Structure formats: structure tokens, C-alpha cells
Amino acid sequence: MPVKNRFAELHDDITAIRRDLHAHPEILFDTHRTSQIVADRLTAIGCDEVTTGIGRTGVVGVIKGKTDLSGKVIGLRADMDALPITEATGLDYASQTPGAMHACGHDGHTAMLLGAAQYLAETRNFDGTVVVIFQPAEEGGGGGREMCEDGMMDRWNIDEVYGMHNWPGRPVGSFAIRPGAFFAATDQFDVVIEGKGGHAAKPQETVDSTLIAAHCVTALQSIASRNADPVDQVVVSVTSIESSSKAYNVIAQRVHLRGTVRTMSPGMRALAEQRLVAICEGTAATFGARADVTYHKGYPCMVNHDDQTAFAADVARAVSGDCAEAPLVMGGEDFAFMLEERPGAYILVGNGDTASVHHPEYNFNDDAIPAGCSWWAEIVERRMPAA
Ligand SMILES: [Zn+2]
Ligand SMILES: [Zn+2]
């Protein structure tokens, strides 16, 4: 089965929705306009139930199949939020909001799931219930976590969840997936090194926080090179070094390091945190200073479930003829929280040879719409075949 014919007919409509969302990007939980458009559309296409305000600005729609002998409920999730980036595409439907841009293609994800919802509401050719999930704040805000904390999975008795993200560099409409750990746990850290400031010409009277910070930055790279099992993944990146002094002749009292830790397993995550704290505190103590380390746990590792991943790959092969094995991604993905609550799978759909996500010249590729929508619809019709 190639893409469904209905999505060729709906392609222009779905593209128009996508481009309107693109022109009006909204960040984190402030997806008020987008959520309203989604809720209105779900109502217009005949969803049996539309609920707003789940996870602050999240929207949930329910579509019942012709029958419900299976009693099964499948959740399909899209993200709605944009990024704080100034768009540089020059498109005629480019962002009209200064400093905000749909640079990760969530406009495309939302439009594709709305298109799939319309088809499913029109045909209802399945035995069970579909719950379409539109979440805010994927880009660092934890909107998926908040929807789960609002009891979404239990409230709608969701059995399985599926997610999709566009992927620049893959052929348009082709798919890639992998079972198990897929996207990294994304943690952040602050390290404040408190020394003793003074005159740059009298170092013997100071405790040099800058020298200590430099030792810490170097030593932190030993987590990946000396503490981690070489076949396991960990990234430790110090991304900011901020001194309390900008003078040429002053030894700074204080240096603030910031950075991120990316890991693919709970064990490695715990090891990286423990070593980061020990290295910074120990290095500071060695030189007679103090390091205050704050470790902020972000999104957990996103883990695809084996059975649902194999099924999602079968559906992808049916839609586009092939499904590649995706590489590990050291970026984070808020869908991880949903996959912690329910079995499911997350797949990549090719965006073609475009700028990468989070780049000011990125744009979602509307040519991916028929394949993306067909995958959603086929997940439902194959997992809950009509009675
Ligand atoms: Zn993103
Ligand atoms: Zn994204």
C-alpha cells in the first residue's frame, strides 16, 4: 500500500494549515492561537470529544471507530511549539512574530496529525478508539510531562502511543526508526567556583577561580574518556564560562560554568552526575576553593518499545516501501515521558535535503505530508482492524 489517496486530495488543505501555523509561531506553553486552531479543527471534522487545557495548553481529541469490540485505545501525538529563533528563510509565509520560528517542523507535525484525524473521523474504518494528542512545550518545557501529570493516559485509557518527527537529510517521505534507547536524556548543570579575588600581579594572595575553572573544564572530559564504558554513550559539554571580572588586572572572585550532559541509559546518567559533582568539588577543594554544583535533570532517555517499534516499521514499509534503521540521537525528546507511561514508538520521516532543525533557514517540507498522514492512519487501521 502506498500513501492513501485521500491525503492527495487533502494535501492542499493540510499545507494551508501548516503554512498558517508557520506564519504564527508560539513558544513553549504559549501556544494559545495554535491550540485554539487545533481544537476548532478537531470539532469541525467531527471528533467525538475535544478537550483543551491538558498540560496547560495541550489539546486532546477522541475519534471512535465504527465498532469498539477490541476496547483498545491508541494515542497519536504531535507537538505544537516553536523556537526562539529569528527566521531567515525569506518565505512568503515566514514568521510574523519577531524572535519566534517554527524551526523544528512542529507546524508540520500538527498539520499532519490534523489531516490524519480528519481522515479517521471521515472513515472510522477501525475497531477501537483513537486519541489525538497535541502537546505544547516540547522544546525544553516538558509539555508532554505535564500532559501525563494531568492524568491523560488514565483519563482516556490509552493503551499505546505513537509519535513522529521530520528529519532533514533523509529522503522526503522515507522512514527510519530504532528499538530501545533512541533520543538522549538531557540534563543541565551549573557550577559556581568561589575563590578569592585580588590583584592579578599578586596571585599568592588569591585563590584563582579562573585557573580552577579551567582545570574543571578539562577534567570533566575524563567522564567520557575514562569513567564511561567506551561502548556506552555520554556527552559532557561545558557551554558557558562566566567570570565575575572582565578586567585585565583582576583575579576573579567567582567563575560560573554552565553545560549539558547527554546519556542513553539510567546507569550512565547517574554515573555522569556523580562524577561531575565529585570532579568539580574535588578540584575546587584541591586549590583551596569551593564549588557549588547544581545538577538539573531534564528529559529522560526516550526508549522505543520493541513490539510497537516493529509494528511501526512494518507500517512505514507499507507506506513508503522501506524503513531504515535510525541512528542514536543525542538530542532530547519530550515524548520520552509518554513512552515511560505507555508502550509505543517514535519514528522519523524524511524532510529531504533541507537545513537542519533549529537552523534559521530550516523549513518543514510539505511534500512529506502524504506519507506522514498515511503512516498515522495506517497505524490505526492495522493495529485495530475493522471488525
Ligand atoms: Zn526541536
Ligand atoms: Zn522537534
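A. Representation of the packing of aromatic side chains within the structure. Taken as a whole and assessed by the stated rule, the structure comprises eleven aromatic pairs. Their ring planes at 75° and their centres at 6.0 Å tell us that Trp 167 and Phe 183 sit as a pair that is edge-to-face. Of this pair, Trp 167 sits in strand 5 (residues 160-167) while Phe 183 sits in strand 7 (residues 180-183), placing them 16 residues apart in sequence. A relative accessible area of 21% means that Trp 167 is categorised as partly exposed.

B. Region of interest: the layout of surface pockets. Of the voids in this model, the largest pocket is the one considered here, and its volume is about 580 Å³. Residue lining of the largest pocket: 25 residues in total, with Gly 140, Thr 186, Arg 262, Tyr 299 and Gly 332 positioned closest to the centre. When residues of the lining of the largest pocket are traced back to their parent elements, those giving at least two are strand 5, strand 8 (185-194), strand 12 (254-263) and strand 13 (290-299). In terms of residues, the lining of the largest pocket owes the most to one element, strand 13, which gives four residues. Partitioning the lining of the largest pocket into residue classes produces six nonpolar, twelve polar and seven charged.

C. Representation of the coordination of the zinc ion (ligand 1) within the structure. Around the zinc ion (ligand 1), the donor atoms from the protein are Cys 104 (SG), Glu 139 (OE), Glu 139 (OE) and His 358 (NE2), and they sit 2.0 to 2.8 Å away. Coordination geometry of the zinc ion (ligand 1): the four donor atoms subtend angles of 51 to 148° at the metal centre, consistent with an arrangement described as irregular. Between the donor residues of the zinc ion (ligand 1), the gaps in sequence give the motif C-x34-E-x218-H. Taken as a pair, the zinc ion (ligand 1) and the zinc ion (ligand 2) show a spacing of 3.1 Å, with Cys 104 coordinating each metal. Linking Cys 104 in the loop between strand 3 (73-79) and helix 3 (106-123) with Glu 139 in the loop between strand 4 (129-135) and helix 4 (143-149), this pair joins segments that are 35 residues apart in sequence. Of the two residues, Cys 104 and Glu 139, neither departs from the other in class, the shared state being buried.

D. Summary view of the pattern of salt bridges. The full count for this structure, using the stated rule, is 25 salt bridges. Of the charged contacts, one joins Glu 378 and Lys 4 as a salt bridge, the two residues approaching to 2.9 Å between their closest N and O atoms. One end of the pair, Glu 378, is in helix 10 (residues 369-383); the other, Lys 4, is in the segment before helix 1 (5-23), and 374 residues separate them in sequence. The buried category is assigned to Glu 378, whose relative accessible area is 7%. Residue Lys 4 is classed as buried on the basis of its relative accessible area of 10%.

E. The arrangement of helix 7 (residues 266-286) in detail. Taking 1.5 Å of rise per residue, the 21 residues of helix 7 would be expected to cover 30 Å, and the 30 Å separating its terminal C-alpha atoms lies within 8% of that figure. Among the residues of helix 7, those classed as buried are Met 268, Arg 269, Ala 272, Leu 276, Ile 279, Cys 280, Thr 283 and Ala 284. Taken down its axis, helix 7 places every buried residue within 110° of arc, on the same side. Seen from the buried face of helix 7, the exposed residues on the opposite side, beyond 90 degrees, are Pro 266, Gly 267, Ala 285 and Thr 286. The positive-phi residue at the C-terminal boundary of helix 7 is Gly 288, with phi of around 85°.

Cut-offs applied
Sequence order as written defines the numbering, with residues in each chain counted from 1. Each chain gets a letter, beginning with A, and each ligand a number, beginning with 1, in the order they are written. A pLDDT threshold of at least 70 governs which residues receive local features in this predicted model, and a stricter bar of 80 or more applies before side-chain atom pairs are shown or counted, although totals over entire chains, interfaces and linings include all residues. Computation of side-chain values: all heavy atoms of the structure, hydrogens and water removed. Centres within 6.5 Å are what make two rings of Phe, Tyr or Trp a pair, Trp counting through its six-membered ring; a difference in plane orientation under 30 degrees is then read as stacked, over 60 as edge-to-face, and the rest as tilted. The secondary structure listing takes helices from DSSP runs of H or I that are at least 4 residues long and strands from runs of E that are at least 2 residues long, numbered from the N terminus. Only protein chains enter the accessibility calculation, which uses a 1.4 Å probe; a residue whose area is less than 20% of its type maximum is buried, one above 50% is exposed, and one in between is partly exposed. Whether a set of points on the 1 Å grid over the protein atoms alone is a cavity depends on a 1.4 Å probe fitting there but being unable to get out, while an open set qualifies as a pocket with protein on both sides within 12 Å along at least five of seven lines; lining residues are those with an atom within 4 Å of a point. Grid points are joined across faces, edges and corners, and a volume is the space filled by probe spheres set on the points. Charged means Asp, Glu, Lys or Arg here, nonpolar means Ala, Val, Leu, Ile, Met, Phe, Trp, Tyr, Cys or Pro, and polar covers whatever is left, Gly included. The donor definition counts N, O and S atoms within 2.8 Å of each metal and applies 3.2 Å to Na, K and Ca; water is not among these atoms, so some sites may look incomplete. For a four-donor site, all angles between 85 and 135 degrees give tetrahedral; for four or six donors, opposite pairs above 155 degrees with the remaining angles between 65 and 115 give square planar or octahedral; all remaining cases count as irregular. One side-chain nitrogen of Lys or Arg within 4 Å of one carboxyl oxygen of Asp or Glu is enough to make a salt bridge. For a helix, the expected span equals 1.5 Å multiplied by the number of residues minus one. The directions from the helix axis to the C-beta atoms are what the arc is built from.

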